[in-house]
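Structural characterization, general
Listed below, chain by chain, are the residues.
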Amino acid sequence: MELTPSQTVGPFFSHALTWEDGPFVVAADAPGAFWLRGTVYDGAGEPVPDALIETWQASPDGRFDHPDDPRGAVSGFRGFGRCATDADGRWGVRTVRPGPVPAADGRRQAPHLDLSVFARGLLDRVVTRVYLADEPSNVDDPVLASVPEPLRGTLVAVPAADGYTFDIRLQGERETVFFSV
C-alpha cells in the first residue's frame, strides 16, 4: 500500500532522522557534562512515543560553531543534539552548560539551549528554550522576562541526579511556551 497524503507528515521522525551519536553533544568525560532529560506529552497528557527533539546551543564560552556567529565561529564544539523519544515519550541529550550569548540590544542572554520538537500532528516543528533553574542570570534574560510570569516555569529545567529534567507539553494544562521563529 502507498502512503496517503495525511500519512506523509509522519510519524517518521523517531526512526528516520536520528543517528548513533545524536544524543551525545559532548563526550561522557567532557568537563561539566550532564544529561538533559525529559518526556514529551500530548494535549491529553499522554507520552508521545514517536517525537524527535533537537537541541542547539552555544559552547561554554558562549560561541557557536557556525559561520554566522558574529564573534567568529568556534571549532570543536558541535552544539547540536538530536534524540528520538522512546516508547514512554522520554528523551535525553548529554551536553554541557552553554555560555551566555549577546542579545540583539547588546545585553547578555542567560545560558540556554534552543529546542525543537517534531511530532505527529505537527505540520511544522515547535521551538522553545531551555533555561537551567540554578542559573543566576535568568532574572536578567530579556527573552525569559518577556514571557508572562505564570508561564516562565515551562522554560526552566530543574536539577536531577545526573543533570536536569525538562518535560515538554505540546498542549493543554502547563503547555510549554513555544516561540515563533
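None of the values given here were measured: they were computed from a predicted structure.

A large share of strand S8 (residues 126–132) lies buried, amounting to seven of its seven residues. The side-chain alternation of S8 yields two buried faces, one formed by Val126, Thr128, Val130 and Leu132 and the other by Val127, Arg129 and Tyr131. In the sheet, strand S7 (residues 112–118) pairs with S8 via six bridges, with the strands oriented antiparallel. Considered in S8, the bridge of valine 117 is made with valine 126. Where S8 lies against strand S9 (residues 156–160), two bridges are found, and the strand directions are parallel. Bridge assignment links tyrosine 131 to a residue of S9, and that residue is valine 156.

Per the stated rule, a full pass over the model turns up three aromatic pairs. Relative to tryptophan 35, the ring of phenylalanine 24 has its centre 5.7 Å away and its plane inclined at 75 degrees; by these criteria the two rings are edge-to-face. Of this pair, phenylalanine 24 sits in the loop between helix H1 (13–16) and strand S1 (34–41) while tryptophan 35 sits in strand S1, and the two are 11 residues apart along the sequence. Given a relative accessible area of 31%, phenylalanine 24 falls into the partly exposed group. Aromatic side chains phenylalanine 34 and tyrosine 164 sit 5.1 Å apart centroid to centroid with 70 degrees between the ring planes, which places their arrangement in the edge-to-face category. Here phenylalanine 34 is found in strand S1, whereas its partner tyrosine 164 is found in strand S10 (residues 163–165), with 130 residues between them in sequence. As far as burial versus exposure is concerned, phenylalanine 34 and tyrosine 164 are alike and both buried. Sitting over the face of the ring of tryptophan 35, arginine 37 holds its NZ or CZ atom 4.3 Å from the ring centroid.

Reading the values: rules and limits
- Residues numbered from 1 in each chain as written.
- Predicted model: local features only at pLDDT ≥ 70, side-chain atom pairs only at ≥ 80, totals over all residues.
- Heavy atoms only, no water.
- Buried < 20%, exposed > 50% of the residue type's maximum accessible area, 1.4 Å probe, protein only.
- Helix = DSSP H or I, 4+ residues; strand = E, 2+ residues; numbered from the N terminus.
- Pairing = 2+ DSSP bridges.
- Phe/Tyr/Trp six-rings, centres within 6.5 Å; stacked < 30°, edge-to-face > 60°.
- Lys NZ or Arg CZ within 6 Å of the ring centre and 35° of its normal.

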